[in-house]
Amino acid sequence: MEFQAFNLHPVIAASIKEAGYVTPTPIQKQAIPTVMLGRDVMGLAQTGTGKTAAFALPVLNRLMEGPRGRVRALVVAPTRELAEQIHESFITLGKQTKLKSITVYGGVNVNPQIQSLRSGVEIVVACPGRLLDHIGQGTIDLSHLEVLVLDEADQMFDMGFLPDIRRILGHIPAKRQTLLFSATMPPSINKLAHDILTDPVTVQVGNTAPPVTVSHALYPVEQHLKTALLLELLKHTDTDSVLIFTRTKHRAKRLGEQLEKAGYKAASLQGNLSQNRRQAALDGFRDGTYQILVATDIAARGIDVSQISHVVNYDIPDTPEAYVHRIGRTGRAAKSGDAFTMVCSEDSLMVRTIEKKLGAPLERRTVDGFDYTLPAPRKDAEFARPPREPRTSRKPADAKKSPGASINPFKTDHPGNKSAGRPQQGRPAVAGGAPKTVFNSSRRGK
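Everything quoted here is computed from the prediction, not taken from an experiment.

Colleague: Would you explain the side chain of D347 in this entry?
Modeller: As for its placement among the helices and strands, D347 is situated in the loop between β13 (337–343) and α15 (348–358). With no salt bridge to any partner, buried D347 finds its closest opposite charge in R247, at an N-O distance of 4.8 Å. Sequence-distant contacts of D347, defined by excluding residues within four places in its chain, comprise I316 and M342.

This is the structure in structure tokens:
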């Protein structure tokens, strides 16, 4: 079967050919005809299965007919990276359609988004937080919306976005086509699907097992030896591109720095980075500038790099579904890949749960020559403070008075205090008392 079988608009078919797409993936075969019929769809699929094109192509096909210059399709995604990836797919697949797509998320200047919305767009790919800001300020009109896509719904739930999603639903037409995609189907997502989908068709592809091209291995190790073992492992492994997962963003940042100090071309991807630095880390990982990318589960959503040779779980994931999702980022496009997981004694229950889901035990490995017996550093020694010098009641006779020593640094009327005259926090100063549009950039995942 080839893409011609879908009878897509000739302009879209030309874009598909130009992009080099020939044979649709399993989820595209199932989803595209159903979406083109106007049916609601519940799609169970992981990143890397081709699900973005599975909804992007029929959405583009639908928008070829009808008015232009108004928002007719909305895609909601949990992270900026995934939003950009989806947007790029719309641009590539709709290259000759003259349909306009924009991304809407926080952490960047809001004014270009407002200008694009005012100039007229048909497709908006958004993260929940900034989208709600636009809705609240009246800078986006969703009254003509025809198609809503919720992508990575389970991750949006994990990030606490479900209330935001329900608020968004209150601002869009009840009569619409809704497509919901999720890697897993926890009860919360099942209930959301029941509430927002009308007589949906369920499409399920590759949800229960990782790619057969991936080999798995567990590396038992004490927590304090993980970094040392990782460096030893990298030293003796032929790697091209390595994606390392940690449980926290602080650990991702610290591990990335440690790898850099060890001489590796490494970067970290975590929520505290500015959008420009996040994008630079992703782009560098894609083009080979960085050999290693360290990321959290949330930050890694949207990473679609086909040449990843190894996935390393520095910290074991919290669920077997998350394990399958992580390691599914290697072994793509019929290439072989390796998934290494470092496990401590307290991870034994999750290891058994993962093995049960996979239906087979995972191989345990050790690294030759590595000293697994090194003790953990003493916490009291690590955090001990140096002894303080005894205080004296008198200053040395030759001590000179500092020019500013008598000035209270917290006094607001001091000319050197930069906070003097600032408006109270949360109340923007506006000349003449005119109202000002204020966008909250502190929401998570924006």
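There is more to say after this.
Colleague: What should I look at first to understand the packing of helix α3 (residues 51–63) against helix α4 (residues 80–93) in this one?
Modeller: For any two helices packed against each other, one specifies the crossing angle of their axes together with the interaxial distance. The contact between α3 and α4 brings their axes to 10 Å, and the two run at 50°. One way to sum up the angle between α3 and α4 is to call them oblique. Here the hand of the crossing between α3 and α4 comes out right-handed. From α3, T52, A53, F55, A56, L57, V59 and L60 reach across to α4, where they touch Q85, I86, S89, F90 and L93. Here the residues of the contact of α3 with α4 are counted per class, giving 9 nonpolar, 3 polar and no charged.

Colleague: Help me out: how do you make sense of the sheet that holds strand β7 (residues 201–204) in this one?
Modeller: Sheets are built from strands paired through backbone hydrogen bonds, the pairs being either parallel or antiparallel. Strand order in this open sheet of 7 strands is β3-β4-β2-β5-β6-β1-β7, and the pairing throughout is parallel. The open sheet has two free edges, formed respectively by β3 (101–104) and β7, since each of these has just one partner strand. This sheet shows a mean twist of 15° between the axes of neighbouring strands, independent of strand direction. Where strand β1 (residues 41–44) and β7 come together, 4 bridges link them in parallel fashion. If you follow V41 over to β7, its bridge partner there is V201.

Colleague: So what exactly am I meant to see when it comes to the nonpolar core here?
Modeller: A general feature of soluble globular proteins is that nonpolar side chains tend to end up buried together. Core analysis: the biggest nonpolar cluster contains 39 residues, and I27, F55, L57, I86, F90 and L179 have the highest contact counts within it. Those elements giving two or more residues to this core turn out to be α1 (10–19), α2 (26–36), α3, β2 (73–76), α4, β4 (123–126), β5 (147–150) and β6 (177–182). Every residue in contact with F90, bar those within four places of it in the chain, is listed here: F55, A56, V59, L60, V75, K95, S101, I123 and V125. Judged by nonpolar contacts, the second largest core, of 34 residues, contains V71, L117, I135 and I168.

Parameters and conventions
Residues numbered from 1 in each chain as written. Predicted model: local features only at pLDDT ≥ 70, side-chain atom pairs only at ≥ 80, totals over all residues. Heavy atoms only, no water. Helix = DSSP H or I, 4+ residues; strand = E, 2+ residues; numbered from the N terminus. Buried < 20%, exposed > 50% of the residue type's maximum accessible area, 1.4 Å probe, protein only. Lys, Arg positive; Asp, Glu negative; His and termini not counted. Salt bridge = Lys/Arg side-chain N within 4 Å of Asp/Glu carboxyl O. Contact = heavy atoms within 4.5 Å. Axes fitted to C-alpha atoms, helices over the stretch in contact; angles between N-to-C directions. Parallel < 35°, antiparallel > 145°, perpendicular 65-115°, else oblique. Left-handed = near helix turned anticlockwise from the far one by under 90°. Nonpolar A, V, L, I, M, F, W, Y, C, P; charged D, E, K, R; others polar. Pairing = 2+ DSSP bridges. Core = buried A, V, L, I, M, F, W, Y, C linked by side-chain atoms within 4.5 Å.

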